[in-house]
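# Survey of secondary and tertiary structure
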Amino acid sequence: MVVTAFGEPEVLQWREMAAPVPAPGEVLLRVRAAGIGPTDLQIRRGRLAAVFPQGPGSVLGFEAAGVVESVGAGVADVAVGDEVVAHLPQQGGYGELVAAPVWFPKPASLSWADAAALPASAEAAVGTLREVRAEAGETLVVLGAAGSVGALIVQLASARGVRVIGAASERDADTVAAYGGEPVVYGDGVFERIAATGVRRIDAVIDAAGRGGLVEAVAATGDPSRVVTLVGSAEVARSGARLSHPSPDRAPDALAITVPLLAAGTLRLKPHREFALTDAARAHALLESGDVREKVVLRA
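Quick notes on the rules
- Residues numbered from 1 in each chain as written.
- Predicted model: local features only at pLDDT ≥ 70, side-chain atom pairs only at ≥ 80, totals over all residues.
- Heavy atoms only, no water.
- Helix = DSSP H or I, 4+ residues; strand = E, 2+ residues; numbered from the N terminus.
- Rg over C-alpha atoms; globule rule 2.2 N^0.38 Å.
- Buried < 20%, exposed > 50% of the residue type's maximum accessible area, 1.4 Å probe, protein only.
- Contact = heavy atoms within 4.5 Å.
- Areas by Shrake-Rupley, 256 points an atom, 1.4 Å probe, with all protein chains shown as cover.
- Lys, Arg positive; Asp, Glu negative; His and termini not counted.
- Charge placed at Lys NZ, Arg CZ, Asp CG, Glu CD.
- Pairing = 2+ DSSP bridges.
- Axes fitted to C-alpha atoms, helices over the stretch in contact; angles between N-to-C directions.
- Parallel < 35°, antiparallel > 145°, perpendicular 65-115°, else oblique.
- Left-handed = near helix turned anticlockwise from the far one by under 90°.
- Nonpolar A, V, L, I, M, F, W, Y, C, P; charged D, E, K, R; others polar.

Looking only at helices and strands, the protein features 10 helices and 16 strands. The C-alpha radius of gyration of the protein comes to 19 Å, within 12% of the 19 Å expected for a compact globule of 300 residues. Among the 300 residues that make up the protein, the fraction classed as buried is 49%. For the protein, contacts bridging at least 24 residues in sequence account for 65% of all contacts bridging at least 6. Carbon and sulfur atoms form 52% of the exposed surface of the protein, whose accessible area is close to 13000 Å². Taken together, the 27 basic and 34 acidic charged side chains of the protein have centroids lying 3 Å from each other.

This is how it looks when you write it as structure tokens:
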């Protein structure tokens, strides 16, 4: 599914392209499923051209799962025919074939859809937890705790003994609690509502939603270095919070950490909805309409 121009979802068109060739250290995958993330929609509209080089003629998709078709030079830990989960920093998941620099074996018990829904969220969750330095016994606030990334942050932090306050919509309170967080209603005044619950100290904040609150978060922690957001906005500079960018060294082991947990059932994903790969434009349109709250996965 090629981005033929920046614009509305219909700019995603099914086109024939030359098959990618794996570079040294990469594997070529036959894609079985690919995840759609909110960043994909912004790239398609041309709003992130200064951050991501993908433009007209490119293929979106930061995460996929598939079968290894070939391997690049220097790859020795995977063979043709192996099933893997892949993170794609350079994108390309919305296609039949993609070259992947980061992968991990897919357990047989893990579905293709679940495998494809994990990589980008896992990398962001593991990476931001490291950036805020959340430790056992501390209190972490997660803004957007019911989203794909927020849900993983809540679970991973709770598992290491961090007290997690999860800000989400009122209808998602039970979901946040099931993930191991203490739910509070997100929106204006969220830190006042947290204080009203009796929380006396907030050590760190991760913003996985980008709906405001960074100035209040920095005031609550007293340390801008321990407030991290995944969404760029004017409030980032005004608050002094840190904007976390995907990078090769943010969490290169994220799949090794999270795939076994997901396969064992000790890590849960946000519910997902599946579309055919060729229906990517319709999937984008539904996500932008707000009619789909689930994670969306494309099936090849």
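Ordered by their spatial adjacency, 3 strands build an open sheet running E2-E1-E4, and the pairing between neighbours is antiparallel. Taken across any chain shown, the strands that pair with only one partner, and hence form the sheet edges, are strand E2 (12–13) and strand E4 (58–59). In this structure, strand E1 (residues 2–3) lies alongside E2, joined through 2 bridges in antiparallel fashion. Across the sheet, residue valine 3 finds its bridge partner in E2, namely leucine 12.

What follows covers the packing of helix H3 (residues 119–132) against helix H9 (residues 254–264). Helix-helix packing: each pair is described by the crossing angle between the helix axes and the interaxial distance. Interhelical geometry of H3 versus H9 gives an angle of 115 degrees and a closest axis separation of 9 Å. Classed by the angle they form, the pair H3 and H9 counts as roughly perpendicular. Note on packing geometry: the crossing formed by H3 with H9 is right-handed. Residue-level inspection shows Pro119, Ala122, Glu123, Val126 and Arg130 of H3 in contact with H9, the latter providing Ala254, Leu255, Ile257 and Thr258. Classifying every residue of the contact of H3 with H9 by side-chain character gives 6 nonpolar, 1 polar and 2 charged.

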